[in-house]
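Coordinate inspection notes
So you can see what is in the structure, the chains are spelled out below.
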Amino acid sequence: VLFRSKSTICEELVRRGYEAYDTDEGDWLTWYKKDGTRVSEKPTHTKEWYANYQRRLSPAALRRLVARAGNQLVFLAGTHHRIKEVLSMFDHVFALIIDADTVKLRLATRENGNNFGKTQSELEFILSNHKAHEEEMRLYGATIIDATQPLDSLVEKIIAESRAQENEGSNG
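A brief structural summary. (Residues numbered from 1 in each chain as written. Predicted model: local features only at pLDDT ≥ 70, side-chain atom pairs only at ≥ 80, totals over all residues. Heavy atoms only, no water.)

Notes on the nonpolar core
With 27 residues, the main nonpolar core has Ile-9, Leu-13, Phe-75, Leu-96 and Ile-158 as its most contacted residues. Elements with a contribution of two residues or more to this core: helix H1 (6-15), helix H2 (47-52), strand S4 (74-77), strand S5 (94-97), helix H4 (100-109), helix H5 (120-139) and helix H6 (151-171). When residues of this core are assigned to their parent elements, the largest contribution, four residues, is made by H6. (Core = buried A, V, L, I, M, F, W, Y, C linked by side-chain atoms within 4.5 Å. Buried < 20%, exposed > 50% of the residue type's maximum accessible area, 1.4 Å probe, protein only. Helix = DSSP H or I, 4+ residues; strand = E, 2+ residues; numbered from the N terminus.)

So, in structure tokens, the structure goes:
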């Protein structure tokens, strides 16, 4: 999720002693042609590329994380196409939501070395999927969080909701 930035939230969770990963780093995501063929070439970030390719979370990488985590609370931040295929592997899903103008502002002013969203074609791609992603996450039962809140408030809410879910699971 591109919002109050998942990378910043991961960094804060790690700072607070939690295990947290950003899917933009490491081997979490793989590019596929829309026909399902895995590709190794790097994305060109053009309209044509996005029309023909999708990023997907690696079920194998996710299974390794789940097995390693055991009962420990672990966070994985990011989004991808065909998320429904892996939702059952998560105990709790959050959708960090902001309006389109805030998306544009955050992408334009981001200074963390990640330049995704700074070209016109990338921005158009992000905005074209923005509302549909929010609706999809609501359908899947994600906890919707207003990501325009201050970082401490966001992280506290994520931790509290996760702990509540964890407690329900151990009591049920």
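From this point, the narrative continues.
With respect to the environment of Glu-122
On the secondary structure map, Glu-122 appears in helix H5. Spatially, the C-alpha atom of Glu-122 lies 26 Å from that of Tyr-140, the residues being 18 residues apart in sequence.

Looking at the pattern of salt bridges
According to the stated counting rule, one finds 11 salt bridges in the structure shown. Close ionic contact of Arg-15 with Glu-12 constitutes a salt bridge, the shortest N to O distance being 2.6 Å. Highlighted residues: Arg-15 and Glu-12, both in helix H1, separated by three residues, approximately one helical turn. Note on Arg-15: relative accessible area 60%, which makes it exposed. What makes Glu-12 buried here is its relative accessible area of 8%. Linking Arg-68 and Glu-19 is a salt bridge whose minimum nitrogen-to-oxygen distance equals 3.2 Å. Placement of the pair is Arg-68 in helix H3 (residues 59-69) and Glu-19 in strand S1 (residues 19-22), with a sequence separation of 49 residues. Judged by relative accessible area, which is 51%, Arg-68 ranks as exposed. (Salt bridge = Lys/Arg side-chain N within 4 Å of Asp/Glu carboxyl O.)

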